[in-house]
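# Structure assessment
For reference, the chains in residue letters:
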Amino acid sequence: MDIMLVGGVSPMLRKLSLKLHKEGHKIYVLTGNRNPSHRYEHAFERYDFPYDSASIEEVFRSVNPDVTVLLGAFDGNLIGEDPKKEAIRYAAGLQNILLSWSALEKGRLIYLSSAEVYGNSYQIPVTESVRPVPRGIRPLMLFQGEESCRFYQEQLKKDVLILRVDRLHDVPKDRREAGFGICQRKCLDAFQDGAVSYRKNYKYGLTYMGDAVESIYKLISCEHHEYGLYHISSGKAFSELQIADEIEKHFGKEIDKIDNTLEDQNSVILANDRIKAEFGFKIWCEPEETIEKTLIYMKKHSGRFLDSSHPGWDIGHRIYFKIMQVFGALVPYIENLILFIPFFMLNNRATGSQYFSKIDFYLIYVLLFAVVYGQRQATFSALLAAAGYVFRQMYNKTGIEVVTDYNTYVWIAEIFIVGLVVGYMKDQLNFMKEEKDQEVDFLSERVTDIADINDSNLRVKEGLINQVVNYDYSLGAVYDMVEQLEEDHPAKILFHAIRVIQNAMNCQDVSLYRINKENYARLFGYTSAKAASMGYTVYVPDKEPMCEAFLKQEVYLNRNMDPAYPMMAYCIYEGDSMEMMILLWSLPFERMTIDESNRLLVISKLIQKSVKRSAEYLDLLQNKQYQDGSPALRPDAFEELVNTYHEAGEKNLTEYILLKVVSSEEGLKKAGMVISETLRATDSVGYRNDGNLYILLTSTDKKGCGFVQKNLEKKGICTVISEEMGL
């Protein structure tokens, strides 16, 4: 295939072009720069045009590529001193490229973005369905690039792919490449300064560059793809503290680890489920291996990563750098001395000439160096010119005559005055330019700081706006809901608590389980089939991730997006024993935050007293027996229990079955004894007002009811489903 790569030199461009070359594809490169300073390996043809050039359309028409890859986040041209100007220039150039490509009516276009577009922090891996919230100039530029590509993808129905690539790690070849990844930068800091800083609450989905290139190639070469957006990531979280620990482990000597942890948290790990399911994804290299290889490479090729002033060099290298430094300082003077020779010869030739005798070549020589280099070189060139003048005068005069001739001193004064004045003006212009550049740099830093502060203020503002907009779910409103629970009938509080949690957490799928002393949880109530998907009975220790959080009395967050577990869960304790657990199943990704987990924690604490009272009442209600010792409940107690479950069932908060026992009057007491031994602790048996014996099977469907009926039939008890409750 003919493949067009659009971007400046970067590690990604090198790796991708190498992969395409090995696979036998013909590679064309649009450098985006008229004067590229790097070599483009494996390129069949190179086009040195800026992205906004009018020649881009001709380039695409000439190449007619099958696949065009826009390096985007990995474009080497985007590493500039002024990110705002770079962003504006790139945005304009990108539109030109997209228009030129779309005119071909052929091929596929792939745009490489990165995890930088996600400005918020996420507790779980971020899927493609989560809309980015970019913070800063560069993330905003990348996101705008995504949106431009998405327009061609959705509105014009072009074959456009957007690939968000997570943070990459690889062994850098020099100091410039070390700036392309967090791992590489930390290794370079440790190698240069013997110290590495870290923030404990910053985590990244570090991905090996080779793995990312393999995934990109699969999307280049595939005939069909199901989606227009994919995340390329290892999906594994790796913190800055882990990076610092690995560097310390493999560095070979002790380094200073500086803890720069702040209160804010930054955790963005892209989920790779989509690309893994469709194309597969294999991890060939872990961050630990890359860190070890990087440090070994840096020690072996230290000259590529350390500057001449670094104290880590041996004495031989330091002497060499000093010599080179002195030679570098002498180069302008050597250049001055060399250029003096032709001017000296011209002056000698012009002295006796009819036409050129009036031209002062020494003055031109001094002015040239004064204008180009300034006062220092002007002084040196004036000294050489004076020496040349005196030497030429001695052709016709003796040394004493030349020295005593006042014209000699006038000429020398003229040369020095002109040279020093022009040189001074040049130095002043240079000083003013440097001062202006420093002021621009200072103001640019101030603008960047102000932009960062503004981003922080915007986040606070958005949080406050959300609190105002979602006032219905504020803690004050939640407290009002909890107060209403206190006024409810004790038998109904548990079911009403489910609705309170559903409304306060704005989650449609909520379930509540009661836990016995053996740590078996029995489903009590739920708001949807999805909320009951964990089953009617759960042995809590078998659910290790949840149980681990419960034992720490923390809110469980489903960070791995395991469909068998809820998105969020919390366990209410009574003393040291687990009493009940609340499961939330359908929270969106952007709400998997510390704020939301704290909200669930506060709500659970607020309703704990009411829920405890309700549970105690239900237990007491189920223990009201006949005075003759029968395990069957009295009619008043059993009727209240049935009505409570019937009302909850009508609100789709629970599922139950009411069975009527078919038996003679003489056998009812005996039947009650047998039934109570067969049923679960959460089920009840009792008499209703019609005098018949009934069985209440809680959290049970017709299938589960069938098993109970069969077990009772084996013991000689026949039952039928009651028709009064509409079951």
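### Section: the sheet that holds strand β2 (residues 26-30)
The strand order across the open sheet built from seven strands is β3-β2-β1-β4-β5-β6-β11, with neighbouring strands paired in parallel fashion. A strand with exactly one partner marks an edge of an open sheet, and here the two such strands are β3 (45-47) and β11 (229-232). Looking at each pair of strands side by side, their axes are set apart by 20 degrees on average, direction ignored. Examined bridge by bridge, β2 and β3 share three bridges and lie parallel to one another. For Y28, the partnering residue across the bridge sits in β3 and is E45. The strands touched by helix α3 (residues 83-102) are β1 (2-6), β4 (67-70), β5 (108-114) and β6 (160-165); relative to β5, the strand with the most contacts, the crossing angle is about 160 degrees.

### Considering the side chain of T290
For T290, the location among the structural elements is in helix α9 (residues 287-300). For T290, the contacting residues outside a window of four places in its chain are H169, D170, V171, Y208 and C285.

### Considerations on the pairing of strand β23 (residues 693-698)
Summarising burial for β23: six of the six residues are buried, a large majority. Neither face of β23 is open: one carries L693, I695 and L697, the other Y694, L696 and T698, and all of them are buried. The sheet contact formed by strand β21 (residues 656-662) and β23 spans five bridges and is antiparallel. Across the sheet, K660 pairs through a bridge with Y694, a residue of β23. Bridge count for strand β22 (residues 684-687) against β23 is four bridges, and the pairing is antiparallel. The residue bridging G686 from the neighbouring strand is Y694, located in β23. Linking two consecutive strands that pair antiparallel, namely β22 and β23, is a turn of five residues; a positive phi of about 90 degrees is found at G691 within it.

### Brief notes about unusual backbone geometry
Peptide bonds are, in most cases, trans, and in most cases residues other than glycine have a negative phi. Backbone geometry places N64, a non-glycine residue, at a positive phi of 50 degrees. Among the structural elements, N64 can be located in the loop between α2 (56-63) and β4. The residue N519 is not glycine, and still its phi comes out positive at about 65 degrees. Looking at the secondary structure, you find N519 in the loop between β15 (510-515) and β16 (520-526).

### What to know about the nonpolar core
If you look at the biggest cluster of nonpolar residues, it comprises 69 residues, and the most contacted ones within it are L5, V69, L112 and I220. For this core, the element with the highest residue contribution is helix α6 (residues 209-221), accounting for seven residues. Those residues within four positions of V69 in sequence are excluded, and the remaining contacts are I3, M4, L5, V6, L16, I110, L112 and I220. Core analysis: the next-biggest nonpolar cluster, separate from the first, contains 37 residues, I498, L584, A648 and Y694 among them.

### Examining the sheet that holds strand β14 (residues 266-268)
One open sheet holds the three strands; their spatial order is β12-β9-β14, and the pairing between them is mixed. The sheet is open, and its two borders are formed by β12 (238-239) and β14, each paired with just one other strand. Strand direction decides the pairing type here: strand β9 (residues 202-204) and β12, joined by two bridges, are antiparallel. Its bridge partner being in β12, K203 is matched across the sheet by S239.

### A word on a negative patch on the surface
Together, E434, D437, D441, E445 and D449 make up a negatively charged patch on the protein surface. Here D441 falls in the partly exposed class, since its relative accessible area comes to 45%.

### Focus on the pattern of salt bridges
One pass over the structure, following the stated rule, counts 23 salt bridges. K15 is the salt-bridge partner of D170, the closest N and O atoms lying 3.3 Å from each other. Separated by 155 residues along the polypeptide, D170 in the loop between β7 (168-169) and α5 (182-193) and K15 in helix α1 (residues 11-22) bring together distant segments of the chain. D170 sits in the buried class, given a relative accessible area of 8%. Close ionic contact of E128 with R274 constitutes a salt bridge, the shortest N to O distance being 3.9 Å. Of the two residues, E128 sits in the loop between β5 and α4 (137-154) while R274 sits in helix α8 (residues 273-278), which places them 146 residues apart along the sequence. R274 sits in the partly exposed class, given a relative accessible area of 24%. Taken together, the shared-partner salt bridges in this structure form one network comprising K19, E23 and E214.

Cut-offs used in this document
- Residue numbering note: each chain is counted from 1, following its sequence as written.
- Note on the predicted model: pLDDT of at least 70 is required for a residue's local features to be given, and 80 or more for side-chain atom pairs to be given and counted; whole-chain, interface and lining totals, by contrast, use all residues.
- For the side-chain quantities, the full set of heavy atoms in the structure was used; hydrogens and water were omitted.
- Strand pairing is assigned whenever DSSP detects at least two bridges linking the two strands.
- Elements are defined by DSSP. Helices are runs of H or I of four residues or more, strands are runs of E of two residues or more, and each kind is numbered from the N terminus.
- Throughout, an axis means a line fitted to C-alpha atoms (over the contacting stretch in the case of helices), and angles, computed between N-to-C directions, take values from 0 to 180 degrees.
- Contacts are assigned to residue pairs that have any heavy atoms within 4.5 Å of one another.
- Three exposure classes are used, based on accessible area relative to the maximum for each residue type with a 1.4 Å probe and protein chains only: buried under 20%, partly exposed in between, and exposed over 50%.
- For our purposes a nonpolar core is just a set of buried Ala, Val, Leu, Ile, Met, Phe, Trp, Tyr and Cys residues, chained together by side-chain atoms within 4.5 Å.
- Only residues whose relative accessible area exceeds 30% and that take part in no salt bridge are eligible for patches, with like-charged residues grouped when within 9 Å of each other and nonpolar side chains (Val, Leu, Ile, Met, Phe, Trp, Tyr) grouped when within 5 Å.
- Per-residue and other accessible areas were derived by the Shrake-Rupley procedure at a 1.4 Å probe size, with only the shown protein chains allowed to occlude residues.
- The working definition used for a salt bridge is a side-chain nitrogen of Lys or Arg within 4 Å of a carboxyl oxygen of Asp or Glu.
- Counting rule applied: Lys, Arg positive; Asp, Glu negative; His and chain ends not counted.
- Just so you know, the charge point we use is NZ for Lys, CZ for Arg, CG for Asp and CD for Glu.

Treat this as a map of the structure, not an account of what it does.
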